[in-house]
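Spelled out from the first residue to the last, the chains are:
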Amino acid sequence: MGLFDKFKKGLQKTRDSFAGALGGIAASFTKIDEELFEEIEETLIMADVGVDTSLKIVEKLREAVKRDRVTDPKEIRRYLKGVLLEILQGDTDLEITTKPTVLLVIGVNGVGKTTTIGKLAALLKNQGHTVLLSAADTFRAAAIDQLQVWGQRSGCDVIAHQEGSDPAAVIYDGVAAAKARGVDVLICDTAGRLHNKKNLMDELAKINRVIDREAADSKKETFLVLDATTGQNGVNQAKQFMEVTDLTGIVLTKLDGTAKGGVVVAIKDQLGLPVRYIGVGEQVDDLQPFDAQTFVDALFCEE
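Positions within a chain are numbered from 1, following the residues in the order the chain's sequence is written. Only residues with pLDDT of at least 70 get local features here, since the model is predicted, and only at 80 or more are side-chain atom pairs given and counted; chain-wide, interface and lining totals rely on the full set of residues. Each side-chain value is derived from all of the structure's non-hydrogen atoms; neither hydrogens nor water enter the calculation.

1. Let's talk about the overall build of the protein
Point 1. Only runs of H or I of at least four residues qualify as helices and only runs of E of at least two qualify as strands under DSSP, and these elements are numbered from the N terminus. The helix and strand inventory of the protein stands at 12 helices and 8 strands.
Point 2. Its C-alpha radius of gyration of 21 Å places the protein within 12% of the 19 Å reference for a compact globule of 303 residues.
Point 3. Here the protein holds 303 residues, and 54% of them are scored as buried.
Point 4. A contact between two residues is defined here by any heavy atoms of the two lying within 4.5 Å. Summarising the internal contacts of the protein: among those between residues at least 6 apart in sequence, 77% fall at separations of at least 24.
Point 5. Here the open area of atoms and residues is found with the Shrake-Rupley method and a 1.4 Å probe, where only the protein chains shown may cover a residue. Working note: accessible area of the protein is about 13,300 Å², and carbon and sulfur atoms make up 47% of it.
Point 6. For the protein, the separation between the mean place of its 37 positive charges and that of its 46 negative charges on side chains is 2 Å. Radius of gyration means the value over C-alpha atoms here, while the globule rule gives 2.2 Å times the residue count to the 0.38 power. Only protein chains enter the accessibility calculation, which uses a 1.4 Å probe. A residue is then buried if its area is under 20% of the maximum for its type, exposed if over 50%, and partly exposed in between. Just so you know, the count uses Lys and Arg for positive and Asp and Glu for negative, and it drops His and the chain ends. All charge positions are set by atom: Lys at NZ, Arg at CZ, Asp at CG, Glu at CD.

2. Here's the deal with the layout of surface pockets
Point 1. The definitions used throughout rest on a 1 Å grid laid over the protein atoms alone, on which a cavity is an enclosed set of points accommodating a 1.4 Å probe that cannot get out and a pocket is an open set flanked by protein within 12 Å on both sides along at least five of seven lines; lining residues are those having an atom within 4 Å of a point. Grid points are joined across faces, edges and corners, and a volume is the space filled by probe spheres set on the points. The volume enclosed by the largest pocket comes to roughly 220 Å³.
Point 2. Lining the largest pocket are 16 residues; nearest its centre among them are Lys119, Thr253, Lys254, Gly281 and Glu282.
Point 3. With 3 residues, helix 6 (residues 113-126) is the single largest residue contributor to the lining of the largest pocket.
Point 4. Asp, Glu, Lys and Arg are counted as charged, while Ala, Val, Leu, Ile, Met, Phe, Trp, Tyr, Cys and Pro are counted as nonpolar; the rest, among them Gly, fall into the polar class. For the lining of the largest pocket, the class distribution of residues is 4 nonpolar, 7 polar and 5 charged.

3. A closer look at helix 10 (residues 232-244)
Point 1. Among the residues of helix 10, those classed as buried are Gly234, Val235, Gln237, Ala238, Phe241 and Val244.
Point 2. Tucked inside the fold, the buried residues of helix 10 contact strand 1 (101-106), helix 9 (197-214), strand 5 (220-227) and helix 11 (263-271).

4. Some thoughts on the side chain of Thr114
Point 1. Inspection of the secondary structure puts Thr114 in helix 6.
Point 2. On the basis of relative accessibility, which here comes to 2%, the residue Thr114 falls in the buried class.
Point 3. Residues adjacent in sequence count toward polar contacts only when both atoms are side-chain atoms; beyond that, a polar contact is any pair of N or O atoms within 3.5 Å, and within protein one must be able to donate a hydrogen and the other to accept it. One polar contact links Thr114 to Asp189, side chain to side chain, over a distance of 3.2 Å.
Point 4. Not counting the four nearest positions on each side in its chain, Thr114 is found in contact with Arg140, Ala143, Gln146, Leu147, Trp150 and Asp189.

5. Side note on the environment of Leu94
Point 1. Note on placement: Leu94 falls in the loop between helix 5 (76-88) and strand 1.
Point 2. Note on Leu94: relative accessible area 17%, which makes it buried.
Point 3. In sequence terms Leu94 and Tyr277 are 183 residues apart; their C-alpha atoms lie 9.4 Å from each other.
Point 4. Discounting chain neighbours no more than four positions away, the residues touching Leu94 are Leu103, Leu124, Glu221, Phe223, Arg276 and Tyr277.

Here it is in structure tokens:
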């Protein structure tokens, strides 16, 4: 299955809700007026694009329609597609520029963080990179075992200590092993205790100090994993994590299980962070690099 087909399948629930509503709006209006813009705004909000972002999109839509003197409501779809693409475009590729490139993965428990790491490891291996995993979520009982299972599935070694160990010590050993083995990417799992922000802040600060000291010449990325089914709550989660660490991108999981796919637009607009990967299914190859054009095309495609 090609990238477009994966996006199309993963976005089906959002497309059915969002594109279906847009089609209904275009069919029921004979002219472009303020009532039509209000209907579009409501549709965007229902897709979890968020109030502020929806208002911004509709304003851009108004300007474009006025500029080009558009009068046919059926043209709105094409113009809206262009506005969304403008917001979403930007560099989202993961560039492996150092040996190792260190990828720190964070997120609250239950979002699919460890599973995402396993799928990302498999994806990078399939691209020809060597990958090492570091099991620094030592707080949750099953996290280490779960990551080791994913390591076996993806053919990647896992650096792990016992449950309850110091996460920063696991990262230290992971960096040392990655450097000694000359691997391309070190992916580090972390605990997701957002409910205790002080502990999380201290832990992430300590982990970052270890990486900055032991892998000073390495490129470092920090990805936050969010569950797409939580919609705007995911955006709020991201804002809290941004208070405790510097994020370089978002991985959005479970996009296939929700009609709230508009949250992708909200994340880019409200947080200024690129969505780097999206999960569009349960299979190991269903984690895909995010592509704005493919996303918008799949969202607006007609069956």
